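Residue strings, one per chain:
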Amino acid sequence: MAHVGVPRGTARKRRSVALLATGVLTIPVLAGCTSDSEGPAPVAVPQDIAPAPRDRVTEGSTLTWAIDAVPATLNTFQADADSATTRITGALLPSLFPLDARGEPELNPDYLESAKVIEQEPKQVVLYKLNQQAVWSDGREIGAPDFVAQWRALSGKDSAFWTARNAGYERIEKIERGKDDLQVRVTFAKPYADWRSLFSPLYPKEVTGSPGTFNDGARATLKNTAGPFRLRGVNKDKGTVVLDRNPRWWGDEAKLESLVFRAVEPEDRTEALTEGTVDVADIDSATANDIALAARYEGGNGQPPAHGPGAGITPAAALRSWALAHGSDEEAAETAQAAREKNREAVAVYAAEQKALKGFAVRKSLEPAYTQLALNGESGPLSDDRVRRAIARTLDRQELADTVLKPLGLPAKPPGSHLALAGQPGYKDGSGALGDRDTKEAQALLADAGWTVGGAVRKTEDTKAGSEAEKNAEEKKAGEKKAEEKKAGENGADKADTDTADKAEKDDKASREEGTYIVGDEKPGDRPAGDAEVTAQDKQPGGAPGAYAPAGTAAPAPAAVKDRLGKGGKPLTLRFVLPSGPGSQPLRTVGEKIVEMLDSVGISTQITKVDDDSYFKDHIASGDYDMALYSWPATAYPATDGRPIFAKPEPATDGSLLVEQNYTRVGSDHIDQLFDRAVSELDANASRDLLKQADARIWAAAGSIPLYQRPQLVAVDKKLANIGAFGFATPRYEDIGFTAREAAGSPANRKK
């Protein structure tokens, strides 16, 4: 299921262009930048796929798997490729190094006998020895010509190829045939630590051999494949992509006869499950709750159901209804009988839905992706790293993670790295470079940046009119005092009026000392959008204080403004952009908690809700936000995939900046240098140490604050094995299938 705020594709996209105001990034003394001898942290949550040995999985049958939409292309290297592209091609094309449960690449023996670096000097050379049984679906051997064609298409040297990413391929100097076509010798012009990321998926030379076939030949069809399945057809009208067993597959035969990917919108998943039109679907927490409720549904045998229609009818109410329906009052009886019939129909429909949902289990794990608070450092207050760090130090990341994950029964430890997740070999908590939550330290950082309590109130010098008004008021006060001495006790009402005037005068003087709004210049209610708002609490009976005084008379600033942080009369107000769709409720919930946390230190936020479809393209990528929530996927190759996300924007000839995928517009030369060294370091441990140093500096820059690892919830037919919440791991499509055992309940009206 697609998630709002997730960039299309995973990484290594073509550069984006956006404007960035140049700023200086201050890096504090960093902790935790060196290597340690501790072993890797365990995976937070193991995959949940109902594993079963192949001999327990039956042969044949069809599985229907929900996807968001039929993919626009089956070429994963094009800009409009998406998660459905990746899922479908994973069953069709060679993946030389699929990921294991810890997110680590492992050699795939179905395609490779071996692959290793055989030379480092004078240049890095990798020798691939291909499985001699590996063939394309047309019978041709997979060999060096396929590697050469893909390298030339993705090297970036020929702009006629419409590629979205070429990382790694541009470092290749040449590809040669070894002793035979089953040996492929790749020589690199520059050392490349992430060489295992290349040629996965591997396309046949018929697709990558020319710009025409690369650009258009693999968008709606793949005539030549080399996986456990082959493509039967794509039907965009029906919203299906159908795969069949590949008769030329040399590995373990696929247990399923066919695999159907069906387009189902996320909000329609519950209905599709109850109707039996899909067997597997990524779901949200609401649908997961529906399935959990179905497991507890009873009813029948005269007993009321546990929930749903009729659940609230007590035995006494049921008896009264029966009595009315069979009573002598014909009109009342007719009404009661109609109501009972309507209730019976509703109960029957609901019971059928619950029976269908009982046939599904919710497989859950943590998705290999994290959600972050992005702080746009392009301009304004957030261009100051002290303000960004203050915001980060204000957040209770644990509370935010608990909000999303605890209700799902998943562990809620906030991520400690931008470049790896718990369980991956390169993971280390580097958040100490920024520091734990500390609101006092946050306020000190803000004060150092010039944002202070009361600073939102515009200080002004008394105008001439104001001075004259004060002088007249003093003379009037003296005169009234003398009059009171002469007429003491004669008129209590006069004394009360005098006391009121005296108090008003003191308040007026105090307001000038604090800094005031000037009536006739700019009234609080007339401030432009983006300034602190005047709430109902600020409005006094009869209007704002001083609203009807002569122009130039000082009026006290609203209490809401006095308590806000500001600088030079301008409040610290940040625009927080959030998606508005029903599927993005978790993001909005987290966003509201962030607003409360920032409010506690005097930072104002202005929430702007936008359509899900435009959220990323029109706001995040274009830089039209101060704060936003979106996610980045984890990767086995952070030196390659992480660099464009955190690279310092570069100036373009037109005066704009190339931001690549760094939508926070926050970066540094030092971070770039660490990535460059890591991607060229062939010693895996040394490369990881460099990435940990880069991560510490990314934390210190405070453009991206990881909040929680995203939940992964998958509804799966209880009879299915080896499928569900895969976590880091690449699915083994040939092992997926139905087991012989029957589930406790089976979906109604199963449509295959």
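For clarity, every value in this text was computed on a predicted model and none was experimentally measured. (Residues numbered from 1 in each chain as written. Predicted model: local features only at pLDDT ≥ 70, side-chain atom pairs only at ≥ 80, totals over all residues. Heavy atoms only, no water.)

**Quick notes on the pairing of strand β22 (residues 704-717)**
Okay, step 1: Across the 14 residues of β22, 14 count as buried, placing the element largely inside the fold.
Okay, step 2: Direction of pairing for strand β10 (residues 280-282) relative to β22: antiparallel, over a ladder of three bridges. Its bridge partner lying in β22, Val-280 is registered against Val-716.
Okay, step 3: Sheet topology note: the strand β11 (residues 360-375)/β22 ladder contains twelve bridges and is antiparallel. Each residue of the ladder has a partner; that of Ala-361, found in β22, is Val-716. (Buried < 20%, exposed > 50% of the residue type's maximum accessible area, 1.4 Å probe, protein only. Helix = DSSP H or I, 4+ residues; strand = E, 2+ residues; numbered from the N terminus. Pairing = 2+ DSSP bridges.)

**What to know about the sheet that holds strand β6 (residues 183-188)**
Okay, step 1: Here we have four strands laid out as an open sheet, ordered β3-β4-β6-β5, and antiparallel in their pairing. Each having just a single partner strand, β3 (112-119) and β5 (172-177) make up the two edges of the open sheet. The average undirected angle you get between the axes of adjacent strands in this sheet is 15°.
Okay, step 2: With six bridges joining them, β3 and strand β4 (residues 125-130) adopt antiparallel strand pairing. Residue pairing in the sheet places Ala-115 in a bridge with Tyr-128 of β4.
Okay, step 3: Strands in contact with helix α2 (residues 144-154) are β4, β5 and β6; relative to β5, the strand with the most contacts, it is inclined by about 160°. (Axes fitted to C-alpha atoms, helices over the stretch in contact; angles between N-to-C directions. Contact = heavy atoms within 4.5 Å.)

**A short note on helix α6 (residues 285-295)**
Okay, step 1: Among all positions of α6, only Thr-287, Ala-288, Ile-291 and Ala-294 are buried. For α6, the angular spread of buried residues about the axis comes to 120°, placing them on one side.
Okay, step 2: A side-chain oxygen of the first residue of α6 lies 3.3 Å from the backbone nitrogen of Ala-286; this N-cap is Asp-284. (Arc of directions from axis to C-beta. Polar contact = N/O pair within 3.5 Å; in protein donor to acceptor, adjacent residues only side chain to side chain.)

**Some words on the side chain of His-619**
Okay, step 1: You can see His-619 is positioned in helix α16 (residues 612-620).
Okay, step 2: For His-619, a relative accessible area of 10% puts it in the buried group.
Okay, step 3: Look past the residues within four positions of His-619 in its chain and what remains in contact with it is Arg-575, Val-577, Val-610, Ser-614, Asp-624 and Tyr-625.

**A closer look at the confidence of the model for the protein chain**
Okay, step 1: Overall, the predicted model of the protein chain reaches an average pLDDT of 82, with 74% of residues at or above 70.
Okay, step 2: The low-confidence segment residues 503-549 (pLDDT under 50) makes 69 contacts with residues lying over four places distant or belonging to another chain.
Okay, step 3: Per-residue pLDDT stays below 50 along residues 742-752; that stretch engages in 32 contacts with residues further than four places along the chain or on separate chains. (pLDDT = per-residue confidence, 0-100.)

**Considering the packing of helix α9 (residues 385-394) against helix α11 (residues 439-448)**
Okay, step 1: Remark: α9 packs on α11, axes separated minimally by 8 Å, with the N-to-C direction vectors making an angle of 165°. The orientation of α9 relative to α11 falls into the category roughly antiparallel. In this structure, α9 crosses over α11, and the sense of that crossing is left-handed. Across from Arg-386, Val-387, Arg-389, Ala-390, Arg-393 and Thr-394 in α9, the residues of α11 making contact are Thr-439, Glu-441, Ala-442, Leu-445, Leu-446 and Asp-448.
Okay, step 2: Taken together, the residues of the contact of α9 with α11 break down into five nonpolar, two polar and five charged. (Parallel < 35°, antiparallel > 145°, perpendicular 65-115°, else oblique. Left-handed = near helix turned anticlockwise from the far one by under 90°. Nonpolar A, V, L, I, M, F, W, Y, C, P; charged D, E, K, R; others polar.)

**Brief notes about the pairing of strand β7 (residues 229-235)**
Okay, step 1: Of the pairings in the sheet, the one linking β7 to strand β8 (residues 240-245) comprises six bridges and is antiparallel in character. Its bridge partner lying in β8, Phe-229 is registered against Arg-245.
Okay, step 2: Hairpin remark: β7 followed by β8, antiparallel, with four residues in the connecting loop; positive phi at Gly-239, about 70°.

**Re the environment of Arg-152**
Okay, step 1: By the element assignment, Arg-152 lies in helix α2.
Okay, step 2: Here the alpha-carbon distance between Arg-152 and Ser-210, two residues 58 residues apart in the chain, equals 9.2 Å.

**What about the sheet that holds strand β16 (residues 570-571)?**
Okay, step 1: Spatially, three strands are ordered β12-β15-β16 in an open sheet, and the strand pairing comes out antiparallel. In the strand order of this sheet, the two ends are held by β12 (452-453) and β16, each with one partner.
Okay, step 2: Bridge analysis of β12 against strand β15 (residues 565-567) gives two bridges, and the strand direction is antiparallel. Looking at the pairing, Val-453 lines up with Leu-565 of β15.

**Some thoughts on the packing of helix α10 (residues 397-405) against helix α15 (residues 585-599)**
Okay, step 1: It is at 10 Å that the axes of α10 and α15 come closest, and there the two elements cross at 155°. When the axes of α10 and α15 are compared, the pair comes out roughly antiparallel. Remark: the crossing between α10 and α15 carries right-handed chirality. Counting all contacts with α10, which are made through Glu-399, Leu-400, Thr-403 and Val-404, the residues of α15 involved are Thr-589, Val-590, Lys-593, Ile-594 and Met-597.
Okay, step 2: Of the residues that constitute the contact of α10 with α15, the class distribution is five nonpolar, two polar and two charged.

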